[in-house]
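For reference, the chains in residue letters:
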Amino acid sequence: MATIKCRNITFGNIQAILFDKNGTLEDSETYLRSLAQKATRLIDAQIPGTGEPLLMAFGINGNFLDPAGLISVASRRETEVAAAAYIAETGRGWFECLKIARQALDEAEKYIGETPSPLFVGSLEILKYLREGGLKLGILSAATTEEVRNFVANHQLSNYIQLEMGVDEGPSKPDPVLFLQACQALGVEPSATLMVGDSVGDMQMARNAKAAGCIGITWVGKSDNVRGADVVINQLDEIQILED
């Protein structure tokens, strides 16, 4: 058990902390923007006229990526369905639309390649510090479980992370069942577990699962993106363990 302090808020009797991945530990903005732009170009080449509305739906405006937009916070399955809905407006059958969307995203991922996105400054240090402080740590992401595992392997985080969990076929954020499953896998109670994330979905999920608390991080200074957080931070090193 540890007491965690963030700014002027203190959380007592904490056993575990769950982190989101994209936009929390990982600076994935360049990757996500490239993925959305490439997938949109591929879809627009097949179905002219879908490009502009699709980019807006993904949360891309020029070179700006909305951290609360679809490509930033949705699961892969949700992204496919949303893209397919725009294609369906052209009158094509639903299964064909899903296939076009899935193939475009697959091809876009292959095109961009496997170059891992960098960690945000301080991510490695905070994970090491919290783990050495006796806390159990996990990643709970809307990305696929495979992507989470690759992220942990690429950045050599396996000494610090006890749970690598993404969204595959089942429910996605903000469904609290994800948080409950993650806590069960770590062997801790939700009431002894904190959530650290950069989206409203992270906050809602943890709140509805009766988590010990929600820490919203906004590297871009937009507290609206983490509405519902108990405390909002701009750097991960604002998470501190209070010594007994």
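Residues numbered from 1 in each chain as written. Predicted model: local features only at pLDDT ≥ 70, side-chain atom pairs only at ≥ 80, totals over all residues. Heavy atoms only, no water.

As annotated in an unreviewed UniProt entry, the protein chain carries the name HAD family hydrolase and is attributed to Nostoc cf. edaphicum LEGE 07299.

Draft legend 1. Structural context of the packing of helix α1 (residues 29–46) against helix α2 (residues 51–58). Two numbers describe how α1 lies on α2: the axes approach to 9 Å, and their chain directions differ by 155 degrees. Taken as axis vectors, α1 and α2 run roughly antiparallel relative to one another. The hand of the α1/α2 crossing is right-handed. Listed contacts from α2 to Ala36, Gln37, Thr40, Ile43 and Asp44 of α1 are Gly51, Leu54, Leu55 and Phe58. Partitioning the contact of α1 with α2 into residue classes produces five nonpolar, three polar and one charged. (Axes fitted to C-alpha atoms, helices over the stretch in contact; angles between N-to-C directions. Helix = DSSP H or I, 4+ residues; strand = E, 2+ residues; numbered from the N terminus. Parallel < 35°, antiparallel > 145°, perpendicular 65-115°, else oblique. Left-handed = near helix turned anticlockwise from the far one by under 90°. Contact = heavy atoms within 4.5 Å. Nonpolar A, V, L, I, M, F, W, Y, C, P; charged D, E, K, R; others polar.)

Draft legend 2. Broad picture of the sheet that holds strand β3 (residues 16–19). Pairing is parallel in the open sheet, where six strands are placed in the order β7-β6-β3-β8-β9-β10. Where the open sheet ends on each side, the last strands, each with one partner, are β7 (163–165) and β10 (231–233). Shown here is a sheet whose adjacent strand axes are inclined to one another by a mean of 20 degrees, direction ignored. Direction of pairing for β3 relative to strand β8 (residues 193–197): parallel, over a ladder of four bridges. Counterpart to Ala16 in the pairing with β8 is Thr193. Along the sheet face, helix α7 (residues 145–154) touches β6 (136–140) and β7 and points at about 140 degrees away from the line of β7. (Pairing = 2+ DSSP bridges.)

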